[in-house]
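Below are the chains, spelled out letter by letter.
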Amino acid sequence: MGRTLQNTMINLGLQNACDEAIYQVKLLPDHNGHSPSPSACFLDSMASLGLAAYGYGIRYEFGIFNQKITKGWQVEEADDWLRYGNPWEKARPEYMLPVHFYGRVAHTPEGPKWVDTQKGKTDRNLAENISRVLYPNDNVSTNASQYCKTLSEMCVCARWSECAERENREQEFVRYDMCISYQNIICVYLNYVDILDNLELGDVFIFCGLRFKDFCDIEPEKFQNKTNGITPRRWLLLCNPGLADIIAEKIGEDFLTDLFQLKKLLDFVSDEMFIRDVAKVKQENKLKFAAYLESEYKVKINPESIFDIQVKRIHEYKRQLLNCLHVITLYNRIRKEPNKKFVPRTVMIGGKAAPGYHMAKMIIKLFTSVGEVVNHDPVVGDRLKVIFLENYKVSLAEKVIPAADLSEQISTAGTEASGTGNMKFMLNGALTIGTMDGANVEMAEEAGEENLFIFGMRVEDVEAMDKKGYNAREYYERLPELKQVMDQISTGFFSPKEPELFKDVVNMLMNNDRFKVFADYEAYISCQEKVNELYRNPKEWTKKVIRNIAASGKFSSDRTIAEYAREIWGVEPSDVKIPPPNEPRE
């Protein structure tokens, strides 16, 4: 899987030997998603834990689009990742099999039979649409069933590969399909539904004609939660070797296969030398990333500033707009008191908007427009810079995450399924500002809420507000800084040539905001002031960083997969070592 090769070389201790040859012949296609899927981390973990397993996936003709920012607008370019062929794949047409959809189970004297099905090969165009583009245009009516078909295809492949005797395949599959639906498909399907921006998050999801709740009522034991994780080999050793080295010096190298060992770092929270080393590694990563930004974006940024990062899909529920309102508030404060000492900050947002998602595209345009004004205002200088990170993907994630000081995880409570980006930031020494949503909740449990910057409504507050009714205008009238920001956006301060440009954004925030941005604005601004206050004290900031790294053991995909293996698959991880190829096997 693309850049996984580099990860494998690191795991085998062969990276230096392979780097030059691989990069010279350009055989490393980049993973062009927002981040590597949990599946990539899971495969890494299964290999590391000694689980003999296969991963099945769809071979998409095109990856998610390449994103260009032209005059502040997102422009999509096809990601033709197969243009030079793929040296790692081997076509096996002799094993091609039809995939059936729909139909019914008929009870016959010979046993149950699956009849009246539609075959995937019936309509070639329809069938090939499933594997045409990774993350096609978000559209509920056309895509919900397509995603189900995609998942069904993977299950059929997996099951047919498993069955040793051909005559058993069709009968066994009917039973197995129901089982695997409970264990895995539902989880994956929910992740796909997450990208369908027109769905209300409270809607009832339909699967195989039944509601998930019905499945759960019938056999609740088959519904289990497994918190996602990330592979520390990729997301620490590979992307942040400096940090991995100083951790290994203190606690040894075993943490890379047992991330819970990071708890040993708690013994060094007050160790002056270790505090200095952690801060030094972060500063080196920031300097390296600042140089990259200067060469790529022609913007000179202050490496002493807070690197404030929000990288994820652009979506209303992830509330990049709340971040944007904070940026404008900071800008207004600097202009109001230009001689006051402000903690310098570089705010970066990255991520792709689905091609047909108008509001997400407007959010990108607003942020880039705000950046144009802020970055060219001489009053502001290097105290505030605003950068949109174009075409966010794995290779960029590997640069930005180790350099981050502050990780923005600010979705409305109750809307984020899980997410793993926050875990990567935590492991790499960034502090989190976030709501009690998704994995933030477990991160706060592990590290202690006092070691994160938690703000805003909790799930019960959101539910109470839904009952009472959310009135955005009430906040607009009550909070002068919020009113000023919204008036600037609506009167064209950031779009002087097109004063009406952001009317849809303003209208949504004022009249139709499902994700209640204004309701958390005041708490968010206040929490950001606490961030500034702590950043003024580098030693205390770094102590919090160490506590976060020490608490990130739970978020290893090794733990996730060990739970899958024991509690779902019924197998035990093995630590049996395979002998090297030069040693004879018994």
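Computed from a prediction, not measured in an experiment: that's the story for all the values here. (Residues numbered from 1 in each chain as written. Predicted model: local features only at pLDDT ≥ 70, side-chain atom pairs only at ≥ 80, totals over all residues. Heavy atoms only, no water.)

Okay, the UniProt feature "modified residue: N6-(pyridoxal phosphate)lysine" (unreviewed entry) in the protein next. The UniProt record marks Lys424 with the feature "modified residue: N6-(pyridoxal phosphate)lysine" (unreviewed entry), using the residue numbering of this structure. Locating Lys424 in the fold gives a position in helix 14 (residues 421-427). (UniProt positions renumbered as here; feature names shortened; annotations may be inferred. Helix = DSSP H or I, 4+ residues; strand = E, 2+ residues; numbered from the N terminus.)

Looking now at the nonpolar core. Counting residues in each nonpolar core, the largest one holds 129 residues, and the members touching the most others are Leu265, Ile489 and Phe518. Of all the elements, helix 20 (residues 517-535) adds the most residues to this core, at ten residues. For Phe518, the contacting residues outside a window of four places in its chain are Leu325, Tyr470, Ala472, Tyr475, Tyr476, Leu482, Met486, Leu509, Met510 and Asp513. Residues Phe42, Leu49, Ile561 and Ile568 belong to the second largest nonpolar core, which totals nine residues. (Core = buried A, V, L, I, M, F, W, Y, C linked by side-chain atoms within 4.5 Å. Buried < 20%, exposed > 50% of the residue type's maximum accessible area, 1.4 Å probe, protein only. Contact = heavy atoms within 4.5 Å.)

Let us now look at the packing of helix 9 (residues 241-251) against helix 10 (residues 272-297). Helix 10 packs onto helix 9 with a crossing angle of 165° between their chain directions and a minimal axis gap of 9 Å. In terms of orientation, helix 9 lies roughly antiparallel with respect to helix 10. Note on packing geometry: the crossing formed by helix 9 with helix 10 is left-handed. Listed contacts from helix 10 to Gly242, Leu243, Ile246 and Lys250 of helix 9 are Phe274, Asp277, Val278 and Val281. (Axes fitted to C-alpha atoms, helices over the stretch in contact; angles between N-to-C directions. Parallel < 35°, antiparallel > 145°, perpendicular 65-115°, else oblique. Left-handed = near helix turned anticlockwise from the far one by under 90°.)

Together, Asp245, Glu249, Glu253, Asp254 and Asp258 give the surface a local cluster of negative charge. Within the secondary structure layout, Glu253 lies in the loop between helix 9 and helix 10. (Patch = residues over 30% accessible without salt bridge, like charges linked within 9 Å, V, L, I, M, F, W, Y side chains within 5 Å. Areas by Shrake-Rupley, 256 points an atom, 1.4 Å probe, with all protein chains shown as cover. Salt bridge = Lys/Arg side-chain N within 4 Å of Asp/Glu carboxyl O. Lys, Arg positive; Asp, Glu negative; His and termini not counted. Charge placed at Lys NZ, Arg CZ, Asp CG, Glu CD.)

Using the criterion set out here, one finds eleven aromatic pairs in the structure. Measuring from ring centre to ring centre gives 6.2 Å for Phe453 and Trp541, while their planes differ by 35°; the resulting arrangement is tilted. Residue Phe453 is located in strand 14 (residues 453-454), and its partner Trp541 is located in helix 21 (residues 538-550); the two are separated by 88 residues in the primary sequence. Just as Phe453 is buried, Trp541 falls in that class too. Residues Phe455 and Tyr524 carry aromatic rings whose centres are separated by 5.0 Å and whose planes lie at 40° to one another, so their mutual orientation is tilted. Pair noted here: Phe455 is in the loop between strand 14 and helix 16 (459-468) and Tyr524 is in helix 20, with a separation of 69 residues, a long-range link. Assessed through its relative accessible area of 0%, Tyr524 is described here as buried. Among the aromatic residues, ring-to-ring pairing joins Phe42, Tyr564 and Trp569 into one connected group. The aromatic ring of Trp235 is capped on one face by Arg234, whose charged end is 6.0 Å from the ring centroid. Of note, Lys352 hangs over the ring of Phe65, and the distance from its end group to the ring centre comes to 5.6 Å. (Phe/Tyr/Trp six-rings, centres within 6.5 Å; stacked < 30°, edge-to-face > 60°. Lys NZ or Arg CZ within 6 Å of the ring centre and 35° of its normal.)

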